[in-house]
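Commentary on secondary and tertiary structure
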Amino acid sequence: MATAIEEWKRVSQALDAALVSVQKEATEGGGQTFQLASDRYIIFSDHHKGARNRADDFQVAERAYNAALAYYYRMGYTLVVMGDVEELWEERPAAVLAAYEYTLKLEARFHRQGRYVRIWGNHDDIWEDKKTVARYLQPLFGPPMLKVRESLQLKVMDGSQELGMLFLAHGHQGTLESDRFTFVSKFFVRNVWRPVQRITGVSLNTPAQDWQLRSQHNIAMYAWAEKQDKLVLIAGHTHQPVFKSQSHEAQIMHQLAELEAKIAAAPADETQQKEKDQKKAGLLAAELEWIRAQEKQKPRPEAEAVQKKPCYFNTGCCSFRDGDITGIELAGGEIRLVRWPNDEKEPEPTVLARANLKDVF
């Protein structure tokens, strides 16, 4: 418990600092608004683009991501890439940018239309430096000047009424291995893990194999967001999709439990409805095991936090082992967790969960 409390404190202090910084920027004229009825945003994180070798986790997801970019560009969305977009703990920037020049040019189309936001994470923290951005990224993206942020504040407006604030950050802030002692982690990843991965082709896909540790960090971010007034935190980093302060797995478990209780309480003569509910339960059970197998984790209970309000969402990642990507859509007055491709492996989004943003706030 002491370890969890210590992490909560570190994460809380680091997110406090990031929030103060972005609020200062907003008061100096750098704030942005999100109009509920008209604006459209798509948020992706944790691509971990490599150099097209066996250590590159993005290769299998490239097709889904490029298809998603084409769709959201045509549909008028603003693209937010929220950290760990390039895997620069393992590779040099020139090698990665050369390997994925085409994908970056697809992103650059958003930038040239003023519909692009880039946030740096722990694995691509070199973009914090403006000179490095000017040297490597600006030639690919072209004008206007590309700004890479630590975080983004979006004031959510319903017409003239302010509903609250969306706070977007990568989510590594405050962690020991990804923030406080980054130099140690970088050395290990580049000099130990990368050679092993190049030889074996093994991909961990997440910052830790242990489910409890990753859940603990999600809970720490939720605990911070829960204390804020009319603030919703959207993060990445953990590679675990979270919606309305619950992971996708936790949501499915909850839905399945409710449906099983309904089936058990149904009158014996309602056979037709029971059959429909049994089929739904079967599909939910299949989806639950699909998620668990994708993560290659042993089925075990998720660590639970007291979730008093839906104030924390997580994009998941764009480097799942099976080639899927997940992201957060903000459109049509809703917030949606989406997966590419769809269930038939076609280049279309599947909505995994959705909520009305008014209800969220």
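A short tour of the structure in this document, coming up. Bear in mind the structure is a predicted one, so any value in this text is a computation, not a measurement.

1. Quick notes on the pairing of strand β8 (residues 231-235)
Along β8, 5 of the 5 residues are buried, which leaves the element largely enclosed by surrounding structure. Side chains of β8 alternate between two faces, with L231, L233 and A235 and V232 and I234 buried alike. When strand β7 (residues 161-169) meets β8, the two strands line up parallel, connected through 4 bridges. Paired with L166 across the two strands is V232, which belongs to β8. Sheet topology places β8 next to strand β11 (residues 312-314); 3 bridges connect them, and they run parallel.

2. Let's talk about the side chain of R118
Checked against the element boundaries, R118 lands in strand β4 (residues 116-119). Since its relative accessible area comes to 1%, R118 is described here as buried. Side chain to side chain, R118 and E86 meet in a polar contact 2.8 Å long. Among the polar contacts listed, one links the side chain of R118 to the side chain of Y116, at a separation of 3.0 Å. Setting aside residues no more than four positions away along its own chain, R118 makes contact with V81, V85, E86, L104, E107, W127, L137, F141, K147, V148 and R149.

3. Regarding the pattern of salt bridges
Applying the stated criterion across every chain, the model contains 16 salt bridges. In this structure, E62 engages R52 in a salt bridge whose closest nitrogen and oxygen atoms are separated by 2.8 Å. Of the two residues, E62 sits in helix α2 (residues 62-74) while R52 sits in the loop between β2 (41-44) and α2, which places them 10 residues apart along the sequence. R52 sits in the partly exposed class, given a relative accessible area of 37%. Where D343 meets R339, a salt bridge forms, and the shortest distance between an N and an O atom there is 2.3 Å. Using a relative accessible area of 11% as the deciding quantity, one classes R339 as buried. Connected via shared salt-bridge partners are K49, E86, E107 and R118.

4. Let's talk about the sheet that holds strand β14 (residues 350-356)
The 7 strands are arranged β5-β4-β3-β2-β12-β13-β14 in an open sheet whose pairing can be described as mixed. The strands lining the two open edges of the sheet, one partner per strand, are β5 (148-149) and β14. Pairing of strand β13 (residues 334-340) with β14, which is carried by 6 bridges, proceeds in the antiparallel orientation. Counted as the bridge partner of V338 is V351 from β14.

Rules of the game
Residues numbered from 1 in each chain as written. Predicted model: local features only at pLDDT ≥ 70, side-chain atom pairs only at ≥ 80, totals over all residues. Heavy atoms only, no water. Buried < 20%, exposed > 50% of the residue type's maximum accessible area, 1.4 Å probe, protein only. Helix = DSSP H or I, 4+ residues; strand = E, 2+ residues; numbered from the N terminus. Pairing = 2+ DSSP bridges. Polar contact = N/O pair within 3.5 Å; in protein donor to acceptor, adjacent residues only side chain to side chain. Contact = heavy atoms within 4.5 Å. Salt bridge = Lys/Arg side-chain N within 4 Å of Asp/Glu carboxyl O.

Any link to function would need more than the numbers given here.
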